[in-house]
Amino acid sequence: MNSDSLKYIIDSNVKDAFKQIAEKVFHKSRITQEEGLLLYEKGEPGYLGLLAEQIKQEKSGNEVYYIRNFHIEPTNICVNKCCFCSYSHHFSPKKWNYSVEEMLEIVKLQDPEAKEVHITGAVHPDKDIYYFAGLFSKIKKLRPAIHIKALSAVELGYMIKKAKMNWHQGLKFLQANGLDSIPGGGAEIFNDAIRKKICPTKSSANEWLEIHETAHQMGITSNATMLYGHIENYRHRIEHMQLLRDLQDRTNGFNAFIPLKFKNGNNELTGIREVNVLEDMRNYAVSRIFLDNFSHLKGYWPMTGKPFAQLSLSFGVDDLDGTISDSTQIYSLAGSVEKNPAMTVSEMVELIRQAKRVPAERDSLYHTMEVRNSNSS
Ligand code: V47
Ligand code: SF4
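A few points about the packing of helix 2 (residues 16-26) against helix 3 (residues 33-42)
Then, in step 1: Two elements in contact, helix 2 and helix 3, have axes separated by 11 Å at closest approach and are oriented at 120 degrees. Judged by the inter-axis angle, helix 2 sits oblique to helix 3. Helix-helix and strand crossings are classified by hand; for helix 2 and helix 3 the assignment is left-handed. Between helix 2, through Ala 17, Phe 18, Gln 20, Ile 21 and Lys 24, and helix 3, the contact on the second element is made entirely by Glu 35, Leu 38, Leu 39 and Lys 42.
Then, in step 2: Looking at the contact of helix 2 with helix 3 residue by residue, the class counts come to five nonpolar, one polar and three charged.

Brief notes about the pairing of strand 1 (residues 63-67)
Then, in step 1: Counting buried positions along strand 1 gives four out of five residues, so the element sits mostly inside the fold.
Then, in step 2: Direction of pairing for strand 1 relative to strand 9 (residues 358-362): parallel, over a ladder of four bridges. Each bridged residue has a counterpart across the sheet, and for Tyr 66 the counterpart in strand 9 is Glu 361.
Then, in step 3: Where strand 1 lies against strand 8 (residues 319-322), two bridges are found, and the strand directions are parallel. Bridge pairing links Ile 67 to Gly 322 in strand 8.

A short note on the environment of Arg 353
Then, in step 1: Here Arg 353 shows up in helix 15 (residues 345-354).
Then, in step 2: On the accessibility criterion, Arg 353 (24% relative accessible area) is partly exposed.
Then, in step 3: From its side chain, Arg 353 meets the backbone oxygen of Asn 373 in a polar contact 3.0 Å long.

Considering the pattern of salt bridges
Then, in step 1: Throughout the structure, instances matching the rule amount to 20 salt bridges.
Then, in step 2: One salt bridge connects Lys 140 with Asp 180, and the closest N-O pair in it is separated by 2.6 Å. Taken together, the residues span a long stretch of sequence, with Lys 140 in helix 6 (residues 129-142) and Asp 180 in the loop between helix 8 (167-176) and helix 9 (192-198) at a distance of 40 residues.
Then, in step 3: What makes Asp 180 partly exposed here is its relative accessible area of 27%.
Then, in step 4: One salt bridge connects Glu 279 with Arg 282, and the closest N-O pair in it is separated by 3.7 Å. Residue Glu 279 and its partner Arg 282 are both found in helix 12 (residues 277-290); the two are separated by three residues, about one turn of the helix. Each member of the pair Glu 279 and Arg 282 is classed as buried.
Then, in step 5: Here the salt bridges do not stand alone but share partners, grouping Glu 232, Arg 237, Glu 279 and Arg 282 into one network.

Describing the site of ligand 2
Then, in step 1: Taken together, Cys 78, Asn 80, Cys 82, Phe 84, Cys 85, Tyr 87, Ser 88, Ala 122 and Lys 202 form the complete shell of residues around ligand 2.
Then, in step 2: Classifying every residue of the shell around ligand 2 by side-chain character gives six nonpolar, two polar and one charged.

What counts, and where the lines are drawn
Residues numbered from 1 in each chain as written. Chains lettered and ligands numbered in written order. Predicted model: local features only at pLDDT ≥ 70, side-chain atom pairs only at ≥ 80, totals over all residues. Heavy atoms only, no water. Axes fitted to C-alpha atoms, helices over the stretch in contact; angles between N-to-C directions. Helix = DSSP H or I, 4+ residues; strand = E, 2+ residues; numbered from the N terminus. Parallel < 35°, antiparallel > 145°, perpendicular 65-115°, else oblique. Left-handed = near helix turned anticlockwise from the far one by under 90°. Contact = heavy atoms within 4.5 Å. Nonpolar A, V, L, I, M, F, W, Y, C, P; charged D, E, K, R; others polar. Buried < 20%, exposed > 50% of the residue type's maximum accessible area, 1.4 Å probe, protein only. Pairing = 2+ DSSP bridges. Polar contact = N/O pair within 3.5 Å; in protein donor to acceptor, adjacent residues only side chain to side chain. Salt bridge = Lys/Arg side-chain N within 4 Å of Asp/Glu carboxyl O. Near = heavy atom within 4 Å.

This is how it looks when you write it as structure tokens:
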């Protein structure tokens, strides 16, 4: 696939609006909200894949990134009760609340080559900012080189307010104790009315955006997510991405955008049918096209499963997250096919190569560590 194929669309007799969008992509200019909506509503998969691929090629060529990482989920005891969540103690058959010592044991047992630990979980009423600062500084003592990507804006909002600090003070304190970057969780859908229905007690969209903006201003980069396929519509998704695109224009602090498909296992929204794979691929492609100022689009394989993660590489995805090491339960508890998500580096490399792409191991800030072209093992 190359820009000749895109030129073909521009020169062919597809509808004018689609031609115009293809031209915009070809000339690297930005599409509008209405154009984004048209892509969602009427764009056929081949066309969307072609446009998304053009942008992916410009940003990262044929390379697909992965990282050696693992998660720690400190607890699933939560002050909130989001309707879509199968993970919190309200719905999960399991309940856990690790001590700092138990989490340090997890760190000791993990792959010594891992570059990143992703720490996120539920909003526990008693795990405060001092608790997490202590945890981070102890992890850094054990493994000084590891990157700590931790605490969604929802967890951060709760503990920073409780400590009577402002966003800047709270983030500065955690940064001084080892926090390196922030994961993208808690964004869900920014629309107030939908948020009230699916996560009424969770912190607001504004708070999520403010925390990320403050972090970016301090040099703490972050990710952004969007939970889709529940009760939202396409306009809500586009408006969500518009807010992210505007923030990224101001700060350039987002590393990656991660669409998260609603999984209906064992939660209050179990009656909602999950969207199909074409809808997933459409969503990847439209977000790749709309978020022109995001360098990376992540296909989170513990959620999609491995085969659909491979397919997503033809719809704009350039990053498959990591080896994970069977350390997260968010998606297995919600019914994902990946019950114990873990991949060795060779499996990851094989998966990417099967999709005719070039595996590139990265660090948390997307510096390339090793490109594994077809001659290397
Ligand atoms: O905010 C919870 C989602 C998120 C369900 O930054 C669900 O690299 C689908 O943010 N169906 C937390 N999604 C996970 C997260 C994340 C994941 C991977 C990588 C990164 C990153 C961040 O999980 C929550 C919510 O949007 N979630 N329950 C569910 N039933
Ligand atoms: Fe708690 Fe997060 Fe689940 Fe909401 S999504 S109930 S905040 S763990």
